[in-house]
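# Residue-level structure breakdown
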Amino acid sequence: MNRTPPTTVAQVRLWRWRRNPLRRHSDVVEAWIVLATWVLAVLGGAVAGLLAAQTAGAAFAARQAQVHAVSAVLTDSAARTPTSGSGYDDGRVWATVRWTDGHGAVHTDRAKVLPGAPAGSQVTVWTNRDDHVVSAPVTGAAADLQAALTGALVAPSAGAVVWGAGWVVRNRMIKRRMAEWDEEWKQIGPRWGNLSGGRG
């Protein structure tokens, strides 16, 4: 009859916190610094990411509140091809448009429209409170996505800053401990050599 060997459960011990004659006070302090660094890095990164996403969302909402869409007409036919080498190119061309505001005043400005649109075509443009044409605001799912991406970029950056600060503090502690060990060895080393007959 085959007997199965007894299974042993390995105990996981946090050696820096357990009682140990070799444990120094600096070991416990270092353990707490490492633990606090990781907790603050994770929580701080998450909070910073949420705040950044909320701030970005609020900025998009404020921008949307400052502009409004108006119906305008092209005063001239739009160019058939966009000008090359103009930096950001979305395939549209600049053209002069005219619209009437809510008070009956007529305004003209330049706006981006589809290439080849004939004069008199109806287009929708976005204007600010000064009745100047501005770019369309980011709204809906696009605004939510950009706010989420902002938070996703800020969160690890903030966590990395906290982790880096903890790493600097821990390294200084380690250097200090090494210096203390050197000082102790200068005192104990000669006596150790005498006890071992000069061979230690």
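What you see is a predicted model, and the numbers here were worked out from it, not measured in a lab. (Residues numbered from 1 in each chain as written. Predicted model: local features only at pLDDT ≥ 70, side-chain atom pairs only at ≥ 80, totals over all residues. Heavy atoms only, no water.)

### Quick look at the overall build of the chain
A count of helices and strands for the chain gives two helices and five strands. The order of helices and strands in the chain, counted from the N terminus, is α-β-β-β-β-β-α. By the burial criterion, 22% of the 200 residues in the chain qualify as buried. Within the chain, residue pairs in contact and separated by at least 24 positions form 59% of the contacts whose partners lie at least 6 positions apart. Surface exposure of the chain reaches about 14,800 Å², of which carbon and sulfur atoms provide 61%. (Helix = DSSP H or I, 4+ residues; strand = E, 2+ residues; numbered from the N terminus. Buried < 20%, exposed > 50% of the residue type's maximum accessible area, 1.4 Å probe, protein only. Contact = heavy atoms within 4.5 Å. Areas by Shrake-Rupley, 256 points an atom, 1.4 Å probe, with all protein chains shown as cover.)

### Regarding the pattern of salt bridges
This model, assessed by the stated rule, comprises four salt bridges. R176 serves as the salt-bridge partner of E180, at 3.6 Å between the closest nitrogen and oxygen. Residue E180 and its partner R176 are both found in helix α2 (residues 140–195); the two are separated by four residues, about one turn of the helix. Looking at E180, the relative accessible area reads 34%, which means it is partly exposed. The partner of E183 in a salt bridge is K186, and the shortest N-O contact between them spans 3.6 Å. One end of the pair is E183 and the other is K186, both in helix α2 and three residues apart, which spans about a single turn. What you see here is one network of salt bridges that share partners, running through E30, R170 and R177. (Salt bridge = Lys/Arg side-chain N within 4 Å of Asp/Glu carboxyl O.)

### Brief notes about the UniProt feature "transmembrane region" (unreviewed entry) in the chain
The feature "transmembrane region" (unreviewed entry), as annotated in UniProt, sits at residues 28–53 and 147–169 in this numbering. Along residues 28–53, the helical share is 100% and the strand share 0%, with 37 Å between the first and last C-alpha atoms. The span residues 147–169 is 100% helical and 0% strand by assignment, and the distance between its end C-alpha atoms comes to 33 Å. (UniProt positions renumbered as here; feature names shortened; annotations may be inferred.)

### Examining a nonpolar patch on the surface
A surface patch of nonpolar side chains, amounting to about 540 Å² of accessible area, comprises W38, V42, W163, W167 and V168. Where the nonpolar patch is concerned, the elements lending two or more residues are α1 (25–66) and α2. It is α2 that contributes the most residues to the nonpolar patch, three residues altogether. Along the chain, W163 turns up in helix α2. (Patch = residues over 30% accessible without salt bridge, like charges linked within 9 Å, V, L, I, M, F, W, Y side chains within 5 Å.)

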